[in-house]
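What follows is each chain in one-letter form.
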Amino acid sequence: MGKFSLETINEMYVDVLREIGNIGAGNATTAISSMLSIRLNMNVPKVKLLEVSKLGTSICPEDEIVVGIFLELNADIEGSMMFLMRMQPARNLVNKLMMRDVNYEGEFDEMDLSAIKEIGNIIAGSYLNALSSMTNLVITPSIPYIAIDMAASLLSVPAIEFGRVGDRALLIETEFGDEVSLGGYFILMPERDSYDKMLTALGFTM
């Protein structure tokens, strides 16, 4: 059984996690900017430690439809992670990638979903690479899964996972774009025993 849980992390470690968010968001912005061949600006990521019950409402109304990218994690850190985007930023991203009019609001087709999945994979990889670099831990992600559903439905997975470890969850909000927002929300869900490895590597001792 792990010795640590997210509720034991104080502001000093929130700063460490915020730096991981900064590096991950910077890497993601660079990668997506190159993919879209446009210049993107990035706002400083917001890092929050929240009660699990407040995870959904901190992003959007629970009945709002959102896009979720889910990956399983293996190697030194086991667990899962999720990257969530509200529908409008997701549409903005797909329209940019497909070179459509920015106001296009058609339903996502298979090609659109594939594009979103690839973008989500790049963003997730950027965060995981940042975490891996700062901890010297090997983190291997699975092939990403994509789902479009109400926020409450998609967030029930991380709520259950975090509920097994503690009553607080880690949420990193990042925003990058030019004239339109392309941001989203990163949620990390290590399994219980992986908290020891991750937090110890970040300098957390008890």
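Quick summary incoming for the structure in this document.

Thresholds applied
Residues numbered from 1 in each chain as written. Predicted model: local features only at pLDDT ≥ 70, side-chain atom pairs only at ≥ 80, totals over all residues. Heavy atoms only, no water. Helix = DSSP H or I, 4+ residues; strand = E, 2+ residues; numbered from the N terminus. Buried < 20%, exposed > 50% of the residue type's maximum accessible area, 1.4 Å probe, protein only. Contact = heavy atoms within 4.5 Å. Areas by Shrake-Rupley, 256 points an atom, 1.4 Å probe, with all protein chains shown as cover. Core = buried A, V, L, I, M, F, W, Y, C linked by side-chain atoms within 4.5 Å. Salt bridge = Lys/Arg side-chain N within 4 Å of Asp/Glu carboxyl O. Lys, Arg positive; Asp, Glu negative; His and termini not counted. Expected span 1.5 Å × (residues − 1). Polar contact = N/O pair within 3.5 Å; in protein donor to acceptor, adjacent residues only side chain to side chain. 1 Å grid on protein atoms, 1.4 Å probe; cavity = no way out; pocket = protein on both sides within 12 Å on 5 of 7 lines; lining within 4 Å. Points joined across faces, edges and corners; volume = space filled by probe spheres on them. Nonpolar A, V, L, I, M, F, W, Y, C, P; charged D, E, K, R; others polar. Patch = residues over 30% accessible without salt bridge, like charges linked within 9 Å, V, L, I, M, F, W, Y side chains within 5 Å.

## Here's the deal with the overall build of the protein chain
And step 1. Scanning the protein chain for helices and strands turns up five helices and nine strands.
And step 2. Secondary structure of the protein chain in N-to-C order comes out as α-β-β-β-β-α-α-β-β-α-β-β-β-α.
And step 3. Each of the 206 residues in the protein chain was classed as buried or not, and the buried ones make up 50%.
And step 4. Put simply, 75% of the contacts in the protein chain that link residues at least 6 apart link residues at least 24 apart.
And step 5. Of the roughly 9700 Å² that the protein chain leaves accessible, carbon and sulfur atoms contribute 51%.

## Structural notes on the nonpolar core
And step 1. Residues Met81, Phe83, Phe108, Ile123, Phe186, Leu188 and Met198 are the most contacted members of the largest nonpolar core, which totals 39 residues.
And step 2. At nine residues, helix H3 (residues 110-135) tops the list of elements feeding residues into this core.
And step 3. Formed by 14 residues, the second largest nonpolar core is a distinct cluster that contains Ile59, Met82, Ala151 and Met189.

## What to know about the pattern of salt bridges
And step 1. Within the structure shown, the criterion is met by two salt bridges.
And step 2. For arginine 86, the salt bridge identified is with glutamate 64, shortest N-O distance 2.8 Å. Of this pair, arginine 86 sits in strand E4 (residues 79-86) while glutamate 64 is found in the loop between strand E2 (46-51) and strand E3 (65-75), placing the two residues 22 residues apart along the sequence.
And step 3. Judged by relative accessible area, which is 30%, arginine 86 ranks as partly exposed.
And step 4. Among the ionic pairs, arginine 100 bridges to aspartate 112, the shortest N-O distance being 2.9 Å. Of this pair, arginine 100 sits in the loop between helix H2 (87-97) and H3 while aspartate 112 is found in helix H3, placing the two residues twelve residues apart along the sequence.

## Overview of the side chain of arginine 91
And step 1. Examined against the element boundaries, arginine 91 turns out to sit in helix H2.
And step 2. Despite its burial, arginine 91 pairs with no opposite charge, the nearest such side chain being glutamate 105 at 4.1 Å.
And step 3. Setting aside chain neighbours within four positions, we find arginine 91 in contact with Glu105, Gly106 and Phe108.

## Here we look at H2
And step 1. Judged by how many residues are buried, H2 sits mostly within the fold: eight of eleven residues are covered.
And step 2. Of the positions making up H2, those classed as buried are Met87, Pro89, Ala90, Arg91, Asn92, Leu93, Val94 and Asn95.
And step 3. In the segment just after H2, methionine 99 is the residue with positive phi, at about 60°.

## Quick look at H3
And step 1. For H3, built from 26 residues, the straight-helix expectation of 38 Å at 1.5 Å per residue is met to within 8% by its first-to-last C-alpha distance of 37 Å.
And step 2. Residue aspartate 109 occupies the N-cap position of H3, its side-chain oxygen lying 3.1 Å from the main-chain nitrogen of methionine 111.
And step 3. Positive backbone phi, at 60°, marks asparagine 136, one or two positions downstream of H3.

## What about empty space enclosed by the protein?
And step 1. Enumeration according to the criterion identifies two cavities of 30 Å³ or more in this entry.
And step 2. If you trace the largest cavity, you find it lined by Leu17, Ile20, Tyr127, Leu131, Leu170, Ile172, Phe186, Leu188 and Met198.
And step 3. Those elements that place two or more of their residues in the lining of the largest cavity are helix H1 (11-36), H3, strand E7 (168-174) and strand E9 (184-190).
And step 4. Approximately 40 Å³ is the volume found for the second largest cavity.
And step 5. Residue lining of the second largest cavity: Val67, Ile69, Phe83, Met85, Leu93, Ile116, Ile119, Gly120 and Ile123, and that is the complete set.
And step 6. When residues in the lining of the second largest cavity are grouped by element, the largest group, four residues, is from H3.
And step 7. Here the lining of the second largest cavity is composed, by residue class, of eight nonpolar, one polar and no charged.

## Regarding a nonpolar patch on the surface
And step 1. The grouping of Ile65, Ile148 and Met150 at the surface amounts to a nonpolar patch, some 220 Å² of accessible area in total.
And step 2. By the secondary structure assignment, isoleucine 148 is in strand E6 (residues 145-150).

## Comments concerning unusual backbone geometry
And step 1. Backbone geometry at alanine 75 places phi at a positive 85°, although glycine is not the residue there.
And step 2. Along the chain, alanine 75 falls in strand E3.
And step 3. Residue classification places alanine 75 among the partly exposed residues on the basis of a relative accessible area of 35%.
And step 4. Phi is positive for asparagine 136, which is not a glycine, with a value near 60°.
And step 5. Examined against the element boundaries, asparagine 136 turns out to sit in the loop between H3 and strand E5 (139-141).
And step 6. Relative accessible area serves as the criterion here: at 69%, asparagine 136 is assigned to the exposed category.

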